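If you want the building blocks of each chain, they are given just below.
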Amino acid sequence: MSVVITGATGHLGRLVVEELLDRGHGADGIIAAGRDTDRLSALAERGVRTARIDFEDPASLKAAFEGADTVLLVSGSEVGGRVPQHRNAIEAATASGVGHLVYTSALRADASPLTVAPEHKATEEIIAASGIPHTILRNGWYSENYAAAVQQGPRTGSIIGGAGQGRISSAARADYAAAAAVVVASGEGHGQIHELAGDTAWTMEELAARVSEASGSPVAYRDLGEREHRRALTDAGLPEALVDMLVSTDQAASQGWLEEDSGALSRLIGRPTTPLEESVAAALSS
Ligand SMILES: NC(=O)c1ccc[n+]([C@@H]2O[C@H](COP(=O)([O-])OP(=O)(O)OC[C@H]3O[C@@H](n4cnc5c(N)ncnc54)[C@H](OP(=O)(O)O)[C@@H]3O)[C@@H](O)[C@H]2O)c1
């Protein structure tokens, strides 16, 4: 069985390829696809095939997907430009006769107020309209999204934000990658929309407490509310688009949009998701 993984030069896609190899999937049945194939050389050395794709270049997608049984479309990283890019990939998969398209979406993409959600919702709609057999992995928040805050905590004594008491069911990228590997390599969960998230939800106060314990330095969470949070990020020199994204994400978190307690992710991967403590320790040691 051959499977194309897009975004294999990125964090999640690479982990999916590694997870497939670890699960005994034949390397010659994996096509790791990315814009810069030089960055796929470590995977190529393990026998994985590589393909150059650009979501802006339909011919590259068609060539890479030809003959593949499954395509894992890892959502692109060019926020604001992803709908036409993903459409190119979906059209190429359909034209190439791919048997199963798996897409990494976002938690409750059809209703979420997260700024990234509308592009995922639109992509899901294009996939549904295409008629291609498909599975949607609505990935929750990565624990790694907090790595910079975790690293900064012991230096400044605080972690700032606007998430209030909102609970966040994050999981490690490796957990989402394992779920994607299960779905692309087995018959499990096909044709479904999976709302995937970590087993244990936490608040920003709890994150700060975990950072204090792990670092041995007192770290407190300072909730700034929307206006102050925006001002602090702007004063720190962050670009306006990123400030908008971070502020609105925390607002959504404060309203519970990053919480999910279905347990679907750990059921799919057959093990508990990575505890927050482990992700905090990994961030502090990197
Ligand atoms: N759930 C979450 O918390 C969360 C957080 C951040 C992002 N995400 C989403 O999840 C995706 C995977 O996460 P990640 O951590 O692996 O992100 P990442 O490391 O930034 O990887 C993104 C991948 O998309 C590829 N890509 C971007 N534009 C492309 C194009 N025009 N044509 C072909 N490939 C293109 C990148 O290729 P290059 O290496 O060539 O740039 C890279 O391989 C992200 O792209 C984003 O959509 C989710």
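See the structure above.
Residues numbered from 1 in each chain as written. Predicted model: local features only at pLDDT ≥ 70, side-chain atom pairs only at ≥ 80, totals over all residues. Heavy atoms only, no water.

*Asks:* Would you take a moment to explain the overall build of the protein chain for this structure?
*Replies:* On a plain count of helices and strands, the protein chain comes out with 12 helices and nine strands. Taking 2.2 N^0.38 as the reference for a compact globule, 286 residues should give roughly 19 Å; the C-alpha atoms of the protein chain span a radius of gyration of 19 Å, in line with that estimate. By principal-axis analysis of the C-alpha atoms, the protein chain measures approximately 55 × 35 × 35 Å. Each of the 286 residues in the protein chain was classed as buried or not, and the buried ones make up 51%. Summarising the internal contacts of the protein chain: among those between residues at least 6 apart in sequence, 75% fall at separations of at least 24. Split by element, the accessible area of the protein chain, about 12,400 Å² in all, is 50% carbon and sulfur. Side-chain charges of the protein chain comprise 23 positive and 38 negative groups, with the mean position of each set lying 2 Å from the other. (Helix = DSSP H or I, 4+ residues; strand = E, 2+ residues; numbered from the N terminus. Rg over C-alpha atoms; globule rule 2.2 N^0.38 Å. Buried < 20%, exposed > 50% of the residue type's maximum accessible area, 1.4 Å probe, protein only. Contact = heavy atoms within 4.5 Å. Areas by Shrake-Rupley, 256 points an atom, 1.4 Å probe, with all protein chains shown as cover. Lys, Arg positive; Asp, Glu negative; His and termini not counted. Charge placed at Lys NZ, Arg CZ, Asp CG, Glu CD.)

*Asks:* Would you mind going over the site of the ligand with me for this structure?
*Replies:* What surrounds the ligand is a group of 22 residues, the closest being Thr9, His11, Leu12, Ser75 and Gly76. One nitrogen or oxygen atom from the side chain of Arg39 is found 3.0 Å from an oxygen atom belonging to the ligand. Here Asn145 contributes a side-chain N or O atom positioned 2.8 Å from an oxygen atom of the ligand. Only α1 (11-22) and α4 (82-95) provide two or more residues apiece to the shell around the ligand. Taken together, the residues of the shell around the ligand sort by class into six nonpolar, 10 polar and six charged. (Near = heavy atom within 4 Å. Polar contact = N/O pair within 3.5 Å; in protein donor to acceptor, adjacent residues only side chain to side chain. Nonpolar A, V, L, I, M, F, W, Y, C, P; charged D, E, K, R; others polar.)

*Asks:* For this particular structure, what's the right way to read the pattern of salt bridges?
*Replies:* Pairing between side chains of opposite charge can happen when the charged atoms of each approach one another. Taken as a whole, this structure holds 17 salt bridges when the rule is applied. Among the ionic pairs, Arg23 bridges to Glu19, the shortest N-O distance being 2.9 Å. Using a relative accessible area of 42% as the deciding quantity, one classes Arg23 as partly exposed. A salt bridge links Asp57 to Arg52, with the shortest nitrogen-to-oxygen separation between them at 3.0 Å. By relative accessible area, Asp57 is classed as partly exposed at 26%. (Salt bridge = Lys/Arg side-chain N within 4 Å of Asp/Glu carboxyl O.)

*Asks:* Whenever I open this one, the sheet that holds strand β1 (residues 3-5) confuses me. Can you help?
*Replies:* Within a sheet, adjacent strands bond to each other through the backbone by hydrogen bonds, running parallel or antiparallel. Spatially, seven strands are ordered β3-β2-β1-β4-β5-β6-β8 in an open sheet, and the strand pairing comes out parallel. Here the strands that pair on one side only, and so sit at the sheet edges, are β3 (49-52) and β8 (193-196). In this sheet, adjacent strand axes meet at a mean angle of 20° when their direction is disregarded. Pairing of strand β2 (residues 30-34) with β3, which is carried by four bridges, proceeds in the parallel orientation. Looking at β3, one finds that Ala32 is bridged to Thr50. Against the sheet, α1 contacts β1, β2, β4 (70-73), β5 (100-106) and β6 (134-139), and its axis sits at roughly 150° relative to β1. (Pairing = 2+ DSSP bridges. Axes fitted to C-alpha atoms, helices over the stretch in contact; angles between N-to-C directions.)

*Asks:* How should I be thinking about helix α3 (residues 58-65) in this particular structure?
*Replies:* Counting along an α-helix, one turn takes 3.6 residues, and residues three or four places apart therefore face a common direction. Of the residues making up α3, those classed as buried are Ser60, Leu61, Ala64 and Phe65. When α3 is viewed along its axis, its buried side chains cluster within an angular range of 120° and face the same direction. Away from its buried face by more than 90 degrees, α3 exposes Ala59 and Ala63. In the core, the buried residues of α3 are packed alongside β1, β3, β4 and α4. Among the residues trailing α3, Gly67 stands out with phi positive, at a value near 85°. (Arc of directions from axis to C-beta.)

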